[in-house]
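Summary of the model geometry
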Amino acid sequence: MTEHKPLTGRARPDRRPHSLDEWRKLGGYAAVERGLKTLSPEQVLDMVDDANLNGRGGAGFPAAKKWRFMPKSGQSPGDGPSYFIVNGDEMEPGAFKDRVLLEAVPHQLVEGAILSAYATHSSEIIVLIRDAYRDAIANVTRAIAEAEAAGYLGRNVRGSGFDVKMWVHPSAGRYIVGEETALIEALEGKRAVPRKRPPFPAQSGLWGRPTTVNNVETVSCVSHIVANGAQWFRALSCTEEGGTKVFGVSGRVNRPGIFEAPMGTPAGELIEQAGGVSGTGVLRCFQPGGGASGFLGPDALDVPLDFGHVAKAGSMFGTGTMIVLDQSACPLAVIARHMAFYARESCGWCTPCRDGLPWVAQIMFRLERGEGRMEDLDVLRETVAIAGPRGRTFCDLMGGAMAPLGTGLARFGDLFEAHVREGCCPIARQYGRTAA
Amino acid sequence: MTLSTDLRSAITHVMDHHGGPRAAMLESLRMIQQAHGWVCDAHLEEAADILGVSNAEMEDIATFYSLIFRQPVGERLILMCDGASCYLNGGEDVRDAVMARLGIGFGQTTPDGKYTLINICCVGGCDHAPAAVIGRDRKLVGPLTADLIDEILGEAAK
Amino acid sequence: MTRIRIEVDGKTLEVAPGQDLLSACTHEGVQIPHFCWHDALGSVGACRLCAVRLHDGPEDTEGRIEMACMTPVTEGQRVSIADPEAAEMRAHVIEWLMRNHPHDCAVCEEGGACHLQDMTVASGHHKRRYDGPKRTYRNQDLGPLLTHEMNRCIACYRCTRFYRGYAGGRDLDVMGAHDRVYFGRYQDGPLDSPFAGNLAEVCPTGVFNDKGWSRDYARKWDMAATPSICTQCSVGCNIFAAERGGRLRRLQNRYNGAVNGDFLCDRGRFGGLHLPEDSRLRAPHIAGREVTEHDALEAARSALSAGAVAIASPRATLETVFALRHLVGEARLFAAVPQLEAGSVARMAGLLAQHGAQPLHALEHCDAALVLGEDLTGTAPRAALALRQTARNAAHALAGEKGVPCWLDNAARVAGEGRRSPIALVTALPDALDDIATWPLRRTPDEIAGFGHAIAAALRGEDAAPEAQAVAAALAQAKAPALIAGFGAARPEILDAIDAIACALAGRARLFLFPPEVNSMGLALSGVTGLEGAVETLESGTARTVIIAEADLVERADPALVERLLRAAETVIVLDSHNTRLSARATILLPVADWVEAAGTVVNHEGRAQRRFAAYAGAPQPAWRVIAALAQPTPGWQNLDDVLAAMAQALPQLAPAREAAPDAAMRLPLGAVARAGWRQAGRTAHDQTGGVIRHAPQTDGDSALTFSMEGGRGGDVPPALRTDYAVAGLHSASAAPFVTVANGGTLKAGDPGINVLAGFAGPNAAPAFALTGEGLIPLALHDPFVGDEAGRRAEFLEQRCVEAQIVLHPDDARHLHLNENMALTLDGQAVDIGLRIDPAIPPGHVGLPTGRVAPRNLGRHVQIGRQE
Ligand SMILES: Cc1cc2nc3c(=O)[nH]c(=O)nc-3n(C[C@H](O)[C@H](O)[C@H](O)COP(=O)(O)O)c2cc1C
Ligand code: SF4
Ligand code: FES
């Protein structure tokens, strides 16, 4: 069980976290002890590289590749430490996986963070956690204190010569804080407005110092890789991309929840695990990776869910937390809520997002009410075409928002037009506006 | 001076230990809110004064982050998720029920000062949809139903 | 400099490397629409308007859409601005911005000179599709100088980037998030920064504007603009004086890369405007009674023939100073200030001639600075703004090491890790620049020069106090260390200390010395010595008349000395544009044009002679003309050029000043240079307000400018005569970078002005100085909002002036039994300003607001007492 679910296997069903002793009895901190004493930072990095660990925060960027941009200690211009930041801002619609890892297995995160900091030549670790996750904040804070007391954090960790500090920074709310450069701005006490890349954080990050940001789940994998080897980690997956994945299934399913499964597990299987489609029981479509991923149809149920395959299927694996719509759910209504969300969470820096999204949201609600016009669809299509591609806006929030809208328009164009033609939502008319 | 001595020294501590005055602004606002439920002008100005930053700089941060409240909030906060998964599970019906029961809309506080209702993005409770987080300790509740709402609000009323 | 080649829509451009694509194209005159990019503020990529298609090289056939402002130029790049997709992106950006922007151009002050209008036209957006409600905001009262209309905001973030990032202000910020971002103060109230006025030009739409202009409003196209020079300090910022109907409506920045670049201070921007008419001198007077011009001139001529001395003002033009010299002779011309000041300015000129004079712009590129005794923000505000940029060079250098170019503004700020170039501020009082200083050091005026000499000693390897050692080490390490001083502390010996440090730095030092007034330097270069000479001449009986042009002596010299002068003179002839405390004492009072009504040449702190011109026709005569009319025989000068020619003969040293601007005879193919803007809609009655009668265009004999819209304009106009930036399709201040060679660089045709210092041999030492008498040591208090005698009355600026107060240390106040509620005396004379007790004032000193109750250059102790 634990081998197949290394990340969540040891979590208690009620999410009560382990004490340090309990965790050590389960094998915790062995990897830290061994890693820091017997492996060089480069060796840890190489292991993570061999393990094919892709970032779990949404973009799927290989963790080791990102880490290699970090300068070795004392080799960057300027003065001050390098930082390793754990991104626990989880706020994407439909995403609720990091919550489990933070609340139930905080020591796993601390372990992973220590090894990640070691590999990236960082001496300070900051865990940013969203305000609404108060239990997570408390549990991780406690785990850090315990680890520090036991000498896993602080000066000269367990006699290895490695110095590292770690603390939790609670966010004060705003989805954009999850964007890694905005997160850095937030830590500096500024508005969470993303930064331009390049310079990448590894070059000039927190306070201008070399910085790496990784997702909670990504970091949680690291101690397992160091403990069991890259080969083992890769073998957990059914595809090229290494490891298991903490999937989430929500929306119109009978037993929504978190499911750790091999990377590449097809959507169909996960929906089965979640008790199957609820409502009409017939799938209309799903978003495989949270609110910012494009819609896929029933034809994609067999697509192995990993970054590469989902991208090829025309969507994005994102956070790996899927949102399921049955036949009685109207995708326009879902898109409208997404658009309202992204419009509200825009940081206000760049024009297409700040001023384009509210317009799109207004139009979506108008369409839902049956008050839309055909010209409105032009505005939607143009916005997708103009503001959707990468580089049109400062960060990927806008691009993310355009994914469900763009795929929605492409996949359900008839339905959009039907809303205009019929002056109401045809799905609501057929099924009534009812909950699952 | 209206901030407690403890709070004042906590603010000074954050400034000295977490990256200076600039980085301590947000943390100060959070601590003030923790103690008082919201951040009033006098508190904001006093914290700015301790940190040696301008009121405008403080307000910049206070108004950017959505969970810093610059208006009084009720004894109990109800942060209702308006994410898609909650919507798909009847979140808007629950929302309407709560609004009807409390007689207020999002962003409002009941006249008796007991409840403040706020919409918030996905609370990470999609497996308990429709979900909300409640109270100063941000307790996750869900799946919400009209009955559950009565129970929760009834309990709080006690 | 190596240049690289890029191709823009098929045209090859040779551009300098190390800049962004938008800057590169802009300086080649190629327009790429933009909002958030600003010549002086760099790139931040917020508005997303500057979209272009970019091909990395010949192999890259498809290319991609990029923001020009965020893209470094590289050899072989191919760029298409016309690309349909890029154009569509830009059109959508405008459509998004216009969603909430009110359609109020007809009632908006910015209309007609609005960058948003220009960009909207350029993008082709002309039909509104959005039909929802528009967002509305509550505006703030930002004080007397600026309007605030937030509904017009397009969130380009230029205002906060200038105000906070460039000018160091802290009371303006952005609030809120998503599509409700608000740029304002925490609460209503005047903006603190003495550079806030620049927001009116920095903002690309109508959020911030000049309140005075807004009240006395005229459209840009209905105003005539005249190139002028600010008179409020020795920096000599270049400005446009905009006029309609014989009324000055607005002053705006006129780009001069060497001097003010893109920005002015508020004293300059608002200090020359809305002067109350009741303080204006319009008619000649004899003994307080209004007389005809003929009678006044006759009386003056006869008084002058009895033997006269003349007193020239540091705010008068070179021409006026020379006319006085012609009138009374070289030996009988004196300055309106004591020798202490006149000699100090001469010493400055000598030091600059010896060590090399630097334009203000060069200060921004220094990598260390020492300010010795000068409250720069109070005495030469624009220079303080330049020093703020100096402070950023260390951060830029570190960012550069990390591969982050300084034009990538936000990124460079972060990568610079907050490093600052070493700056030592040695002043008597807490300084407005302390926030950028590595060493904010407090010394009494008498200690400052000593500290400077200690630095020089340390540089020579001698023993010195640790602080002096530290500063010396920073200066020694710097490639271009700036030495900054002036006469603000009224201690001439500071200049000798500067000399010692400059010598110890062996040629690396860059000197920036700021005399008190707009033409203090010109007066020194004209060889004029202190007021004491005039008093002695009169008291000796060899002269009986004194003629004083454009100076309220009471502001500029010890009242005791002024009294002696006035008592010794039988006849006091005063020429001025405004009533002053001195004009009340005149026997014969002759009205003259004020600074904006007459052409003339002034010499700024670096020895740069610059010419300004009359902003409208029909004003009183310039002072030099009135003086010429008094001379017997009259010199026969027809126009300004004739005066300059005569001056060049008499004072060959100043001959180059003739080249400060083309002479009045210059003509372009289309004639003289038009002051009024071109109106494609047809002739406007720009000099009419209300009436319909069209006068024949008035001529201006003193310049090659015409009071008309007909005439030469555009790129052919020599820089000193530019009446606008003349870029097709661009009507606002945002057009300025198109006429410069680089960001913050010189104007394409060269920056106006010419240095007249060459060969000047100043005195070997500053005037000897020791305070006489007994009592408290005077400390002149300077304030950025307090201008000269006329500027202080400017209706709008006046509301920003600090209350004039005498300031004492608590110990001295206690000792003198004084408190803040008492009426005071200064040297036994009742004064009408109150007392402030402030521990920041060094004990034994008394702070006296400049020009309000005592001159800036008192060479003696003073007594403060209580009115009985
Ligand atoms: C608008 C936006 C919001 C994001 N929110 C999160 C988040 O809440 N948590 C997270 O781990 N990554 C988030 N990301 C991705 C981060 O920018 C970053 O890529 C990630 O934290 C890197 O970690 P990883 O490589 O381990 O995935 C967000 C990105 C964007 C554009
Ligand atoms: S007062 Fe001085 S700094 Fe300000 S605009 Fe005038 S000359 Fe320039
Ligand atoms: S000018 Fe380039 S994004 Fe604004």
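Comments concerning the packing of aromatic side chains
Between two aromatic rings, the relevant description is the distance of the centres plus the angle of the planes. Under the criterion given, the structure shown has 22 aromatic pairs over all chains. Here the aromatic rings of W359(A) and Y130(C) are separated by 5.7 Å at their centres, their planes lie at 90°, and the arrangement is edge-to-face. Of the two residues, W359(A) is situated in helix α14 (residues 351-368) and Y130(C) in the loop between α3 (115-123) and α4 (158-166); the pairing between them involves two chains. A single burial state applies to W359(A) and to Y130(C), both of which are buried. Look at Y157(C) and F183(C): their rings are 5.1 Å apart centre to centre, the planes differ by 85°, and that puts the pair in the edge-to-face class. A residue pair is termed long-range when its members are at least 10 positions apart, and Y157(C) in the loop between α3 and α4 and F183(C) in strand β7 (residues 180-184) qualify at 26 residues. Given the relative accessible area of 4%, Y157(C) is considered buried. Here the aromatic cluster, defined as three or more aromatic residues joined through ring pairs, consists of W349(A), F394(A), Y157(C) and F183(C). Between the NZ or CZ atom of R337(A) and the centre of the ring of Y87(B), over which it lies, the distance is 4.2 Å.

As for the interface of chain A and chain B
Between chain A and chain B, the contact holds 50 residues from the first and 38 residues from the second. Both sides of the chain A and chain B interface together cover about 3,700 Å² of buried area, and 53% of this is carbon and sulfur. At the surface where chain A touches chain B, the tally comes to 6 salt bridges. One salt bridge in this structure joins D131(A) and R30(B), with 3.6 Å as the shortest N-O distance. If you look at where chain A meets chain B, you find 16 residue pairs in polar contact (both at pLDDT 80 or more). Where the side of chain A that touches chain B is concerned, the elements lending two or more residues are β3 (165-170), α8 (180-187), β5 (244-251), β8 (321-326) and α13 (331-345) of chain A.

As for the site of ligand 2
Neighbouring ligand 2 are the residues C230(C), Q232(C), C233(C), V235(C), G236(C), C237(C), L264(C), C265(C), G268(C) and R382(C). Of the residues assigned to the shell around ligand 2, the class counts are 6 nonpolar, 3 polar and 1 charged.

Quick look at the pairing of strand β13 (residues 308-312) of chain C
Residues and elements named next belong to chain C. Within β13, 5 of the 5 residues are buried, which leaves the element mostly enclosed by the surrounding structure. Neither face of β13 is open: one carries A308, A310 and A312, the other V309 and I311, and all of them are buried. Judged from the 3 bridges that link them, β13 and strand β14 (residues 333-335) form a sheet pairing that is parallel. Residue pairing for β14: A310 is matched across the bridge by L333. Where the polypeptide runs from β13 across helix α9 (residues 318-328) and back to β14, its parallel neighbour, the crossover connection is right-handed.

Considerations on α3(C)
All names here are of chain C. For α3, the complete set of buried residues consists of H115, L116, D118, M119, T120 and S123. The elements touched by buried residues of α3 are α2 (84-100) and α4. G124 sits one or two residues past α3 and shows a positive phi near 80°.

Quick word on unusual backbone geometry
A cis amide bond, omega 0°, links P198(A) with the succeeding residue P199(A). One can find P199(A) in the loop between α8 and β4 (211-215). The residue after G142(B), namely P143(B), is reached through a cis peptide bond having omega -5°. The phi angle at Y157(C) is positive, at roughly 65°, despite the residue not being glycine.

Some points on the interface of chain A and chain C
On the chain C side, the residues contacting the 45 residues of chain A number 45 residues. Our count for the chain A to chain C interface comes out at 6 salt bridges. The residue D131(C) makes a salt bridge to R373(A) at a minimum N-O spacing of 3.1 Å. For the interface between chain A and chain C, the tally reads 23 residue pairs in polar contact (both at pLDDT 80 or more). Looking at the side of chain A that touches chain C, the elements that each hand over two or more residues are α13, α14 and α15 (374-387) of chain A. Of the residues forming the side of chain A that touches chain C, the biggest block, 9 residues, is contributed by α14(A). Along the lines of polarity and charge, the residues of the side of chain A that touches chain C split into 15 nonpolar, 13 polar and 17 charged.

Concerning the site of ligand 1
Residue and element names in this part refer to chain A. Close contacts around ligand 1 come from 19 residues, with G57, N87, N214, N215 and T218 the closest. In this structure, an oxygen atom belonging to ligand 1 sits 3.2 Å away from a main-chain N or O atom of R56. A distance of 2.6 Å is found between an oxygen atom of ligand 1 and a side-chain nitrogen or oxygen belonging to T218. When ligand 1 is considered free in solution it has 620 Å² of accessible area, and contact with the protein chains removes 89% of it. For the shell around ligand 1, the element with the most residues is β4, which contributes 3 residues. Taken together, the residues of the shell around ligand 1 break down into 5 nonpolar, 7 polar and 7 charged.

Side note on the sheet that holds β3(A)
Residues and elements named next belong to chain A. The parallel open sheet is built from 4 strands, whose spatial order is β3-β2-β1-β4. Since the sheet does not close on itself, it has two edges, and those belong to β3 and β4, each with one partner. Pairwise comparison of adjacent strand axes, ignoring direction, gives a mean angle of 20° for this sheet. Sheet topology places strand β1 (residues 83-88) next to β4; 5 bridges connect them, and they run parallel. Within the sheet, the bridge partner assigned to I85 lies in β4 and is V213.

A few points about the domain arrangement of chain C
Residues and elements named next belong to chain C. As far as domains go, chain C holds domain 1 (4-84), domain 2 (105-270), domain 3 (281-337 + 522-660), domain 4 (346-515) and domain 5 (777-866). With centres defined by C-alpha atoms, the gap from domain 1 to domain 4 works out at 37 Å. At the interface, 11 residues of domain 1 touch 4 residues of domain 4. Both faces combined, the contact of domain 1 with domain 4 buries some 500 Å², and carbon together with sulfur accounts for 62% of it. Considering only the side of domain 1, the residues that lose the most area to domain 4 are S43, V44 and M70, jointly responsible for 50% of the buried surface there. Summed over the shared surface of domain 1 and domain 4, the number is 0 salt bridges. Counting across the interface, domain 1 meets domain 4 through 3 residue pairs in polar contact (both at pLDDT 80 or more).

A closer look at the packing of helix α1 (residues 5-17) of chain B against helix α3 (residues 41-51) of chain B
Residue and element names in this part refer to chain B. Look at α1 against α3: their axes get within 10 Å of each other, and the N-to-C directions meet at 45°. Here α3 runs oblique to α1, going by the angle between their axes. Viewed along their axes, α1 and α3 form a crossing whose handedness is right-handed. Within the contact between the two elements, α1 uses R8, I11, T12 and M15 and α3 uses E46, A47, I50 and L51.

Observations concerning helix α7 (residues 134-149) of chain A
Helix length check: α7(A) (16 residues) gives 23 Å between terminal C-alpha atoms against 22 Å at 1.5 Å per residue, within 8%. As for α7(A), its buried residues are in contact with α5 (97-104), α6 (106-119), β2 (124-129) and β3 of chain A together with α2 (20-36) of chain B.

Cut-offs and rules
- Numbering of residues starts from 1 in each chain and follows the order in which that chain's sequence is written.
- Think of it this way: whatever chain is written first is A, whatever ligand is written first is 1, and the rest follow in order.
- Side-chain atom pairs in this predicted model are given and counted only at pLDDT of 80 or more, local residue features only at pLDDT of at least 70, and totals for whole chains, interfaces and linings cover all residues.
- Neither water nor hydrogens contribute to the side-chain values; these are computed over all heavy atoms in the structure.
- Aromatic pairing here means that ring centres of Phe, Tyr or Trp (its six-membered ring) are within 6.5 Å. Orientation follows from the plane angle: under 30 degrees is stacked, over 60 is edge-to-face, and everything else is tilted.
- A run of H or I in DSSP counts as a helix once it spans at least four residues, and a run of E counts as a strand once it spans at least two, with each numbered from the N terminus.
- The classification of residues rests on relative accessible area computed with a 1.4 Å probe and restricted to protein chains. Under 20% of the type maximum is buried, over 50% is exposed, and intermediate values are partly exposed.
- Whether a charge sits over a ring depends on NZ of Lys or CZ of Arg being within 6 Å of the ring centre and within 35 degrees of the ring normal.
- Residues count as neighbours in contact if any of their non-hydrogen atoms are within 4.5 Å of one another.
- Note on definitions: buried area is the accessible-area loss of two parts on being combined, 1.4 Å probe, summed for both.
- Put simply, a salt bridge is a Lys or Arg side-chain nitrogen that is within 4 Å of an Asp or Glu carboxyl oxygen.
- Contacts described as polar in this section are N or O atom pairs within 3.5 Å, which, within protein, must combine one atom able to donate a hydrogen with one able to accept it, while residues neighboring in sequence count only if both atoms come from side chains.
- A cutoff of 4 Å decides nearness: a residue is near a molecule or strand if any of its heavy atoms lies inside that distance of it.
- Any residue that is not Ala, Val, Leu, Ile, Met, Phe, Trp, Tyr, Cys, Pro, Asp, Glu, Lys or Arg is counted as polar, Gly included; the first ten are nonpolar and the last four charged.
- Here, a strand pair is defined by DSSP locating no fewer than two bridges between the strands.
- Viewed with both strands pointing away, a crossover whose connecting path from the first strand over the helix to the second turns clockwise is right-handed.
- The protein chains shown are the only cover counted for residues, whose accessible areas, like all others here, come from Shrake-Rupley with a 1.4 Å probe.
- Fitted lines through C-alpha atoms give the axes, limited to the stretch in contact for helices. The angle between two N-to-C directions lies from 0 to 180 degrees.
- What marks off one domain from the next here is an automatic or database domain assignment.
- In what follows, roughly perpendicular refers to angles from 65 to 115 degrees, roughly parallel to angles under 35, roughly antiparallel to angles over 145, and oblique to any angle outside these ranges.
- When the near helix sits turned anticlockwise from the far one by under a right angle, the crossing is termed left-handed; a clockwise turn instead gives a right-handed crossing.
- A helix is expected to reach a length of 1.5 Å times the quantity of its residues less one.

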